Amino acid sequence: MNESLISPFNITHPTTVQSSLFALASFARFDPTGRYVATGRLDGTAAIWDLDTRSAVRVLDGHVKAVSSIDWSRHSRYLLTASRDWNTVIWDLANSCAPSQRYSTLRFDAPVVSASFHPRNSRIILALLSTGEVYLVDQRKSHRSRVELCEVQEESDDEGAGSSNRVRSAINIARFDPSGKHVFMGTSGGYILVFNTRTKTMVARHKITGAGAIKGLEFTKTGRHLVSNSADRTLRQFIVPTYPPPTADGAYIEQELEPSHRFNDPINKTAWHAMSYSPDGEWLAGGAADTATHKIYIWDISNDGQFASALDGGREPLLYLHWHPSRSSIASTTNQGNVLIWHCPHPERWGAFAGGFEELDENVEYEEREDEFDIDDEAEIIRRKMKAEEEEVDIDTVPEETRPRETQFHGVLPNDEDMMWADREPDDDREGWKLRLTMEEEWGI
C-alpha cells in the first residue's frame, strides 16, 4: 500500500525533485560529507559539483574513454575514477592546481568496470575488469602488492585430479563491505563469493537459488544487511552472516543464503539499474530500468519491507541513483546526462521568521502580561545591542551532540586483526582538509 495514503504526515524518504544539474553525466555519487556530488561522463572527464551553489567546482580530465565508476575516500580528500581505457586514476582534491593533476595512476590489462577505495585506507583499491577478474591493489610501501582474488575450485573425484566440478564464473560486481574486512563478489553463475581482505583468501561461497547472474550488491551503513540485484529482475535482501577468521588450511563456508525480503515490480516486471539504502538502513530505493520513464521505487525496510511509493522523474530514463549519506535525499542520473536531486519537502513554519513567536496547533486563550507593552528606554536598548555584538561566536567547534558517531560495524570485534591491518601505514585522508576551488570560465559541462 502506498505510504502516503497510510500517513501523509510521516514521510521520511525523498518525494519530489528539488533541483537538476545539467552535468552530461552517466552517474553521480554523493561524497561522505554530503556537500558535493561527483559525476562521470562518457568523454572521460569527471566533475565535482557543489550542492549549495549548484555549480561545478572542479573538473578532472584524466581518461580517453568513458568513466565507468567513481568512488570517494573516507574523508572525501581523494577521488578514484575508473575507465574503459584500462586505467584508474586517484585525484587529490586538496591540490589546487588548474587543471587538476593526477595523484597516481594504476593501469590494468583490460577495461576497468569498477574500482573502489578500502573504507579505512585509500591506498588499498579493489578493481573489477571487464574480463571478470578482480584485483586487490595495495599501494602502501610495506605492503605493496597486486593480488587477483580467485574463486576456489574443488577437484572432482569422478573425473580425476586436475579437473573441477564446474566452470569458473565471471565476476560481475565486487564491493568492500562497510568495515573493509571482506570483499563480496557476485558471479554470473548466481553465487556470492566472500574474501578476507587481509589474507586475500575465500572464506565463503553462497548460492542464491533462482537468481541467475548477480549484477549488483549494496550494503547498509553498518554492514548488517546486503541487497543484491540479479538477472531475474528481483532485488533480494540478506542478513549478512558473521564469518570466522580465515584458517591456515584455507577452509571456507559453503552455504546457501535465503533472502529475508524480495523486492520487484509485479506489474511491469521491470529490471533494475541500481539500488541504494538510506543512511539509517530503514529505506531502500530501486532505480527501474524503464526505457520510457524515470522511476524510483521506495520500500520501507523497518515496516517488513512494504512498498512505500514510486517516484516519477519524467520522461528521461534512469541510469543510476545514490542516497545521500546523512539526509533524506537521492541523486538520480538520466540518460540525457541530467542529475536530479530529490528531497523531502517540509512545511514552512512561519514562526521561525519572527523571534519570540511560536506556532500553535490549535487556538488558546492569550493572557496579556502586565509589562508587555511597556516602552523601554531607547538608550538601554542600544546598550543591550552593543553588548550582544561584542560577544564572540564560535563557528568552528562542532557541538558534541551533533558530531557523527563512530559506526558499529556488523561482525567486527574490538582489536580485530583484519581492521587493524588496514590502519597500518595510514593515508593522508584526514578530517580538517578543505577543497580548494579552481573556478574556470569554460569547462564545457
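These numbers come from a predicted model, not from an experiment.

Student: Describe the overall build of the chain, listing the residues and the values that go with them.
Tutor: When helices and strands are tallied, the chain shows 3 helices and 29 strands. Sorting the 445 residues of the chain into buried and exposed places 47% on the buried side. Of the contacts formed within the chain by residues at least 6 apart in sequence, a portion of 51% connects residues at least 24 apart. Carbon and sulfur atoms make up 49% of the accessible area of the chain, which amounts to about 24200 Å² in all.

Student: Would you mind going over the pattern of salt bridges in detail, with residue names and values included?
Tutor: This structure, assessed with the given rule, holds 17 salt bridges. A salt bridge links R205 to E254; the nearest nitrogen and oxygen atoms lie 3.0 Å apart. Pair noted here: R205 is in strand β17 (residues 202-207) and E254 is in strand β21 (residues 253-256), with a separation of 49 residues, a long-range link. Within this structure, R35, D50 and D52 form a network of salt bridges that share partners.

Student: Break down the sheet that holds strand β13 (residues 145-148) for me, with residues and values.
Tutor: The strand order across the open sheet built from 4 strands is β10-β11-β12-β13, with neighbouring strands paired in antiparallel fashion. Two strands bound the open sheet, and with one partner strand each, they are β10 (112-118) and β13. Adjacent strand axes in the sheet meet at a mean angle of 20 degrees when their direction is disregarded. Sheet topology places strand β11 (residues 121-129) next to strand β12 (residues 134-138); 5 bridges connect them, and they run antiparallel. When the bridges of β12 are listed, L128 appears paired with V134.

Student: Go over the UniProt feature "repeat: WD" (unreviewed entry) in the chain with me, naming the residues and quoting the values.
Tutor: The sites that carry the UniProt feature "repeat: WD" (unreviewed entry) are, in the present numbering, residues 30-59 and 60-93. Annotation note: span residues 30-59, helix share 0%, strand share 57%, distance between end C-alpha atoms 16 Å.

Student: Requested: an account of the packing of aromatic side chains, with residues and values cited.
Tutor: A complete count under the given rule lists 10 aromatic pairs for this structure. Between Y78 and Y103 the ring centres are 5.2 Å apart and the planes differ by 50 degrees, which places this aromatic pair in the tilted class. Remark: Y103 occurs in strand β9 (residues 102-107) and Y78 occurs in strand β7 (residues 78-83); sequence separation between them is 25 residues. Residues F184 and F219 carry aromatic rings whose centres are separated by 5.0 Å and whose planes lie at 75 degrees to one another, so their mutual orientation is edge-to-face.

Student: Got a sec to walk through the environment of L318? Specific residues and values, please.
Tutor: With respect to the secondary-structure elements, L318 resides in strand β27 (residues 318-323). With 17 residues separating them in the primary sequence, L318 and N335 have C-alpha atoms 6.2 Å apart. Apart from residues lying up to four places away in sequence, L318 is in contact with H273, G287, A288, T293, H294, K295, I296, S332 and T333.

Student: Tell me about the pairing of strand β8 (residues 87-92), and please be specific about residues and values.
Tutor: Most of β8 is tucked away, with 6 of its 6 residues classed as buried. In β8, alternate side chains face the same way, and those of N87, V89 and W91 on one face and T88, I90 and D92 on the other are all buried. Relative to β8, β7 runs antiparallel, the two being bridged by 5 bridges. Paired with L80 across the strands is I90, a residue of β8.

Student: Before we move on, can you summarise the nonpolar core with the specific residues and values?
Tutor: Counting residues in hydrophobic clusters, the biggest one holds 29 residues, and the most contacted among them are I48, L79, L93, I296, I298 and I330. A per-element tally of this core places β27 first, with 4 residues. Dropping the residues within four chain positions of it, I330 is found in contact with P14, F30, A285, I296, I298, L321, H322, W323, L340, I341 and W342. Among the nonpolar cores identified, the runner-up in size contains 18 residues, and L128, L149, A174 and M202 belong to it.

Rules behind the numbers
Residues numbered from 1 in each chain as written. Predicted model: local features only at pLDDT ≥ 70, side-chain atom pairs only at ≥ 80, totals over all residues. Heavy atoms only, no water. Helix = DSSP H or I, 4+ residues; strand = E, 2+ residues; numbered from the N terminus. Buried < 20%, exposed > 50% of the residue type's maximum accessible area, 1.4 Å probe, protein only. Contact = heavy atoms within 4.5 Å. Areas by Shrake-Rupley, 256 points an atom, 1.4 Å probe, with all protein chains shown as cover. Salt bridge = Lys/Arg side-chain N within 4 Å of Asp/Glu carboxyl O. Pairing = 2+ DSSP bridges. Axes fitted to C-alpha atoms, helices over the stretch in contact; angles between N-to-C directions. UniProt positions renumbered as here; feature names shortened; annotations may be inferred. Phe/Tyr/Trp six-rings, centres within 6.5 Å; stacked < 30°, edge-to-face > 60°. Core = buried A, V, L, I, M, F, W, Y, C linked by side-chain atoms within 4.5 Å.

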